[in-house]
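The residues making up each chain are set out below.
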Amino acid sequence: MRKVREAAQELGYEPPPRQAVWRSEPDTGTDTATVGVVVPDIANPVYGTFVKAVQAQGWHRRQTIVPADTDFDPDREREVITRLAGGSAGLLVCAPRLSAEDVLALCGDTPVVLVDRETTSADCVLADATDGLRQTIEYLAALGHTHITYVPGPQHSWSGEHRLGVARAKAEAADLVLEVLGRQSESVAGGVAAAAGVVASGASAVIAHNDLVALGVIAGARGLGVRVPDDLGVVGIDDTPLAETAHPSLTSVAVPMDRAGSLGLELLTQSLAGERREPRTLRLPTQLVVRGSTGPVAGRADRAGRTGRAGAGGHA
């Protein structure tokens, strides 16, 4: 070994800087902390946006971000959280399938912030669909829609149950019929599977659990000979980049998941620094973004067109 070192010195060789590694012992310094980030599906644009925002915030704070994908599997989620809690200064757990109590029990003494899962026992960041869905119901009612279907996502999702509850309440307040169909996976395939039920319901519009489901409904309806938006209006939730590029472009409720990621890491960093002790809940508002997948209920646009032409003729 001595001869190797001497040879290296003669050649002017300098070893590269030691790379940071993820240790089994948690790093509790807030400036260099290792933070675990748990999401159900990192390929989903919503959760990808969330992770990217956390990564960007962590980079500026010199924190190491370790993302983990649970594939919507509660057992896998349990194992992932247990492993990360043992080697991280803190955890950000987004849209868990497990209950808040189970997540906190698995984390033990490791600080945790929950995103889209509500509890009074830990810091939470929640995307509140109330404003966005109120705007959606009011918009569809103004277009003449009186019978709407709702395609819910899977069980054990706080955001899914929250969205469904808000939609029901707002539809009832507007005196609209909201028909809730069977639960589907949070995917395009889930939307395609729901399309036949949506069409069979006779509803003139549908609100889907998320953008992926909404895009699947559009594809499935097209296969059944139903035109969007002429025969069926479609609204998604999340306003992912796919919504703007779809054909027709998708009307959607914008959910600020990038903001949720930044605020979640901010809350966790404050907790690691001992700046706060009482849990906080931050609710982020949502906003309807109108695009080409929605329009006046079938027949109403024709009547409006005839009225407009008659009025123009009379004026001339």
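Since this is a predicted model, take the numbers as computed values, not measurements.

Calculation criteria
Residues numbered from 1 in each chain as written. Predicted model: local features only at pLDDT ≥ 70, side-chain atom pairs only at ≥ 80, totals over all residues. Heavy atoms only, no water. Helix = DSSP H or I, 4+ residues; strand = E, 2+ residues; numbered from the N terminus. Buried < 20%, exposed > 50% of the residue type's maximum accessible area, 1.4 Å probe, protein only. Contact = heavy atoms within 4.5 Å. Areas by Shrake-Rupley, 256 points an atom, 1.4 Å probe, with all protein chains shown as cover. Core = buried A, V, L, I, M, F, W, Y, C linked by side-chain atoms within 4.5 Å. Axes fitted to C-alpha atoms, helices over the stretch in contact; angles between N-to-C directions. Parallel < 35°, antiparallel > 145°, perpendicular 65-115°, else oblique. Left-handed = near helix turned anticlockwise from the far one by under 90°. Pairing = 2+ DSSP bridges. Expected span 1.5 Å × (residues − 1). Arc of directions from axis to C-beta.

In terms of helices and strands, the protein carries 11 helices and 12 strands. Buried positions account for 48% of the 316 residues belonging to the protein. Counted over contacts in the protein with a minimum sequence separation of 6, partners at least 24 positions apart contribute 73%. For the protein, the exposed area adds up to about 15500 Å²; of that, 52% sits on carbon and sulfur atoms.

Quick look at the nonpolar core now. Of all hydrophobic cores here, the largest spans 46 residues; its most connected members are Val37, Phe50, Leu92 and Ile207. Per-element accounting of this core gives the leading share, seven residues, to helix α10 (residues 257-272). For Ile207, the residues in contact, after removing those within four places along its chain, are Leu133, Thr136, Ile137, Leu140, Ile148, Thr149, Tyr150, Val151, Val235 and Ile237.

What follows deals with the packing of helix α7 (residues 188-201) against helix α8 (residues 211-223). Closest axis-to-axis distance for the α7/α8 pair is 6 Å, and the angle between their directions is 55°. The angle between α7 and α8 falls in the class oblique. For the pair α7 and α8, the sense of crossing is right-handed. Together, Val188, Gly191, Val192, Ala195 and Val199 of α7 and Leu212, Val213, Gly216, Val217, Ala219, Gly220 and Ala221 of α8 make up the contact between the two elements.

Here we come to the sheet that holds strand β8 (residues 205-208). With respect to topology, six strands assemble into an open sheet ordered β7-β6-β8-β9-β10-β12, the strand pairing being mixed. Strands with a single pairing partner mark the edges of an open sheet, and in this sheet they are β7 (177-180) and β12 (287-289). With strand direction ignored, the average angle separating the axes of adjacent strands in the sheet is 25°. Of the pairings in the sheet, the one linking strand β6 (residues 147-151) to β7 comprises four bridges and is parallel in character. Pairing of Ile148 across the sheet is with Leu178, part of β7. Here helix α5 (residues 130-142) sits on the sheet and contacts β6, β8, β9 (233-238), β10 (251-254) and β12; the angle it forms with β12, its principal contact strand, is near 45°.

With 16 residues, helix α2 (residues 45-60) should cover 22 Å at 1.5 Å per step; its first-to-last C-alpha distance of 23 Å lies within 8% of that length. Along α2, the residues classified as buried are Val46, Tyr47, Phe50, Val51, Ala53, Val54 and Gly58. For α2, the angular spread of the buried residues around the axis is 160°, confining them to a single face. In α2, the exposed residues that point more than 90 degrees away from the buried face are Lys52, Trp59 and His60.

Here we come to the sheet that holds strand β11 (residues 281-284). To summarise the sheet geometry, strands pair through backbone hydrogen bonds and adopt either a parallel or an antiparallel arrangement. Read from one edge to the other, the open sheet built from six strands follows the order β2-β1-β3-β4-β5-β11, with strand pairing classed as parallel. The strands lining the two open edges of the sheet, one partner per strand, are β2 (64-69) and β11. Ignoring which end each strand starts from, the neighbouring axes of this sheet average 15° apart. As paired strands, strand β3 (residues 90-94) and strand β4 (residues 112-115) are joined by four bridges and run parallel to one another. Across the sheet, Leu91 pairs through a bridge with Val112, a residue of β4. Each of β3 and β4 touches helix α4 (residues 100-107); the most contacted strand, β4, lies at about 155° to it.

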